[in-house]
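Residues per chain are reported as follows:
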Amino acid sequence: MADKLLSTLQADIVIAGSGPGGATVAREMSRKGKKVIICEAGGYHKWFGYTASTMNMLHGKGMTFSKEGNWILSARTAGGGSVIYGGLAFKPPAWLKEKYGIDLQEEVDEVYEEVPVRPLPDTHIGPGARKIMQAARDMGLDWKPNDRFIRPDKCKPDCSACMHGCKEGAKWTAREYLEEAIQHGAQLLLRTQVDHVLTESGRAVGLRAKGPSGWMDILADTVIVSGGGLGTPPILQRSGLHDAGQGLVVDFGRFVVGPCQSRPPQVEVPAATGIHLEEDGIIMLDATPKPLLYGAMLGFSGPKGWLAMPQVMQMKKNIGVLMMVKDDLEGRVNLDRSFSKPIDPGSWSKLNKGTVLAEEILQGAGVRRKDIVTTTAFAAHQLSSVRIGDLLDKNCQTPINGCYCMDASVIPQEWGMPPMVTIVALAKRLAKHLSTTVETKAAVQEVA
Ligand SMILES: Cc1cc2nc3c(=O)[nH]c(=O)nc-3n(C[C@H](O)[C@H](O)[C@H](O)COP(=O)(O)OP(=O)(O)OC[C@H]3O[C@@H](n4cnc5c(N)ncnc54)[C@H](O)[C@@H]3O)c2cc1C
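Report follows, based on the coordinates. Every value quoted in this text rests on a predicted model; they were computed, and no experiment measured them. (Residues numbered from 1 in each chain as written. Predicted model: local features only at pLDDT ≥ 70, side-chain atom pairs only at ≥ 80, totals over all residues.)

## Remarks on the pairing of strand S16 (residues 318–325)
Let me state the cut-off plainly: Counts of 20 or more other C-beta atoms within 10 Å of a residue's own C-beta define buried residues, counts of 12 or fewer define exposed ones, and intermediate counts define partly exposed ones; C-beta atoms are placed from the backbone. Per the convention used, a helix needs a DSSP run of H or I reaching at least four residues, while a strand needs a run of E reaching at least two, with both numbered from the N terminus. For two strands to be treated as a pair, DSSP must find no fewer than two bridges joining them.
The buried count for S16 comes to eight of eight residues, which makes it a mostly enclosed element. Across seven bridges, the pairing between strand S13 (residues 253–259) and S16 is antiparallel. By the bridge assignment for S16, Gly253 is matched with Met324. The sheet contact formed by strand S15 (residues 282–286) and S16 spans five bridges and is antiparallel. Bridge assignment links Met284 to a residue of S16, and that residue is Met323.

Set out below in structure tokens:
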């Protein structure tokens with residue numbers, strides 16, 4: 001490295017990335033009296049509620065594409081993706097315990113209680129969601145209200161900005177855990193990009209990072225890499241773990257939208273209801289994108305999308321289905337954070353099946369077939385690029401002793417659903433593991 005090292009900081013635990021995984025470990029460990037430093041590449045954005053404000057909090061202002069040209073949304077802000085996520089809560093699948101011996105029941109219960117996570121009450125299920133739910137039920141589908149990380153007492157039923165940063169403080173974000181960690185003495189270094197893990201004799205001793213005033217070393221006994229599915233692999237690769245980043249799951253999705261003349265023109269909370277067709281690997285929700293995002297999606301959807309542009313002007317009449325489908329591990333994150341992620345044939349067939357079903361639901365809800373528009377495929381999840389059982393042990397430790405990963409990259413295999421509950425629960429589980437290992441180490445030292 002040509003640049004001069006400017007400073008050295010010291011902590012018990014240093015964390016790269018302040019998304020849900022990193023923020024949860026920071027909160028849990030600082031509450032136990034540990035000195036925690038968190039490095040976050042992004043800033044602490046506070047302008048919320050608009051498509052433009054969301055783009056400001058995304059890598060490449062939202063214009064991030066795989067080598068194959070597939071559109072992926074990835075957050076770069078304090079709190080990571082939780083600031084712009086939809087607030088959907090899905091419990092971890094049973095196979096996590098059965099196949100990997102990871103039982104998250106206790107931690108999931110904690111998450112549900114603390115937030116609290118619940119379905120939205122009837123008052124917050126808007127007219128579009130109701131029409132879609134009714135049409136889906138008429139087709140025999142078990143379409144129902146979703147569990148949400150949203151507190152109804154603060155949530156405005158005529159607001160649709162969950163994914164643009166919640167101005168009301170109704171949606172739980174990892175910033176709440178970051179703030180709590182800071183109250184317990186943790187330090188959050190913003191606009192500070194972690195480069196690699198510092199090691200001595202195969203053991204992690206800290207992180208090297210570049211902040212606004214230059215390079216620094218943050219020395220600590222325990223290192224947590226939490227840069228997310230795209231951010232974590234380059235840090236590990238620079239630390240000598242060259243297999244990091246082999247495999248990447250993103251769960252592609254798309255909107256199917258159309259104007260419904262009988263729908264009252266009212267803005268509503270998106271994704272209030274939905275269905276998980278587990279065997280098909282498809283999740284469907286009620287949701288329409290906001291005008292600017294919808295315009296961009298139609299723009300990327302080719303000539304058919306361009307012809308549908310006038311629909312953007314009828315936003316309050318539109319109803320829509322957002323689907324996401326389970327994809328495979330085919331993908332790769334590179335050292336320069338570029339990545340490869342094709343849409344595999346299985347994903348295409350699920351997207352097509354989901355689209356046909358969504359078209360039927362929309363028609364049942366009163367949308368004319370000729371008015372239905374399908375957007376380009378895109379993805380908002382980045383998972384499984386540094387998996388448990390592959391590069392990581394069951395406690396998420398890397399082959400570097402004392403260096404752990406904690407974010408969406410640790411998910412051990414194909415996933416196919418929103419991962420937030422699982423990430424926060426896994427991070428709580430890691431914090432419990434760290435507490436016992438740190439306490440055991442201290443006891444051994446005392447006896448010695
Ligand atoms: C639009 C959208 C909607 C979503 N909706 C839902 C939903 O409803 N429910 C759900 O469960 N999930 C949802 N997700 C997915 C969910 O937000 C992510 O899976 C989750 O945030 C991943 O958490 P993470 O811990 O992996 O970290 P991330 O959220 O990926 O955050 C990682 C952080 O690390 C920082 N970082 C990266 N590299 C470095 C580095 N080298 N040095 C320092 N910092 C670094 C990044 O800037 C970022 O802030 C959504 C995602 C998006 C984008």
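## Let's talk about the site of the ligand
Where we set the bar: Proximity of a residue to a molecule or strand is defined by its backbone-placed C-beta atom lying within 6 Å of that partner.
The environment of the ligand is formed by 39 residues, the closest being Gly19, Gly80, Gly81, Gly228 and Gly231. Among the secondary structure elements, those contributing two or more residues to the shell around the ligand are helix H1 (20–31), strand S9 (193–200), helix H7 (228–238) and helix H11 (420–447). Broken down by element, the residue count for the shell around the ligand peaks at four residues, all from H7.

## Structural notes on the packing of H1 against helix H6 (residues 174–183)
Stated formally: For helices, the fitted line uses only the C-alpha atoms of the stretch in contact; every axis is such a line through C-alpha atoms, and the angle between N-to-C directions lies from 0 to 180 degrees. Any angle that falls under 35 degrees is termed roughly parallel, while one over 145 is termed roughly antiparallel, one within 65 to 115 roughly perpendicular, and all others oblique. Handedness of a crossing is defined here by the sense of rotation of the near helix relative to the far one, left-handed for an anticlockwise turn of less than a right angle and right-handed for a clockwise turn. Residues are defined as contacting one another if the C-beta atoms placed from their backbone atoms lie within 7 Å. Polar here means any residue other than Ala, Val, Leu, Ile, Met, Phe, Trp, Tyr, Cys and Pro, which are nonpolar, and Asp, Glu, Lys and Arg, which are charged; Gly is therefore polar.
Orientation of H1 relative to H6, taken along the N-to-C sense of each, is 30 degrees, at an axis distance of 8 Å. Relative to H6, H1 is oriented roughly parallel. Here H1 and H6 pass one another in a crossing that is left-handed. Facing H1, whose interface residues are Pro20, Ala23, Thr24, Ala26, Arg27 and Ser30, H6 presents Ala174, Tyr177, Leu178, Glu180 and Ala181. Its residues placed into classes, the contact of H1 with H6 shows seven nonpolar, two polar and two charged.

## Topic: the sheet that holds strand S12 (residues 222–225)
The five strands are arranged S8-S3-S2-S12-S21 in an open sheet whose pairing can be described as parallel. Whereas interior strands pair on both sides, the edge strands pair on one side only; in this sheet they are strand S8 (187–189) and strand S21 (403–405). Neighbour to neighbour, the strand axes of the sheet diverge by 20 degrees on average, direction disregarded. Strand direction decides the pairing type here: strand S2 (residues 13–16) and S12, joined by four bridges, are parallel. Looking at the pairing, Ala16 lines up with Val225 of S12. Seen against the sheet, H1 touches S2, strand S3 (36–39) and S12 and runs at an angle of roughly 165 degrees to S3.

## Notes on the nonpolar core
We count it as follows: Put simply, a nonpolar core is a cluster of buried Ala, Val, Leu, Ile, Met, Phe, Trp, Tyr and Cys residues tied together by C-beta atoms within 7 Å. Domain segmentation is taken from an automatic or database assignment of domains.
Grouped together as the largest cluster of nonpolar side chains are 139 residues, with contacts concentrated most on Ala26, Val36, Leu207, Val321 and Met406. Top element by residues in this core is H11. It accounts for 10 residues. Residues lining this core come from more than one domain, with at least three contributed by each of domain 1 (1–43 + 78–113 + 172–246 + 385–448) and domain 2 (118–166 + 250–380). Apart from the residues lying within four places of it in its own chain, the contact partners of Leu207 are Val14, Ala16, Cys39, Val194, Val197, Leu198, Ile218 and Val223.

## Considering unusual backbone geometry
Here the amide bond leading from Val115 into Pro116 is cis, since omega sits at -10 degrees, within 30 degrees of zero. Along the chain, Pro116 falls in the loop between helix H4 (105–114) and strand S5 (118–119). The phi torsion at Ser384 lies on the positive side, around 65 degrees, for a residue other than glycine. Residue class for Ser384 comes out buried when judged on the 27 C-beta atoms lying within 10 Å of it.

## A look at the sheet that holds strand S10 (residues 203–211)
Taken in spatial order, the four strands make up an open sheet running S1-S11-S10-S9, and their pairing is mixed. Both outer strands of the open sheet, strand S1 (5–10) and S9, are each paired with one neighbouring strand and no more. Across the sheet, the mean angle separating the axes of adjacent strands is 25 degrees when strand polarity is ignored. One ladder, built from five bridges, connects S1 with strand S11 (residues 214–219); its direction is parallel. Residue pairing across strands places Leu5 opposite Trp215, the latter belonging to S11.

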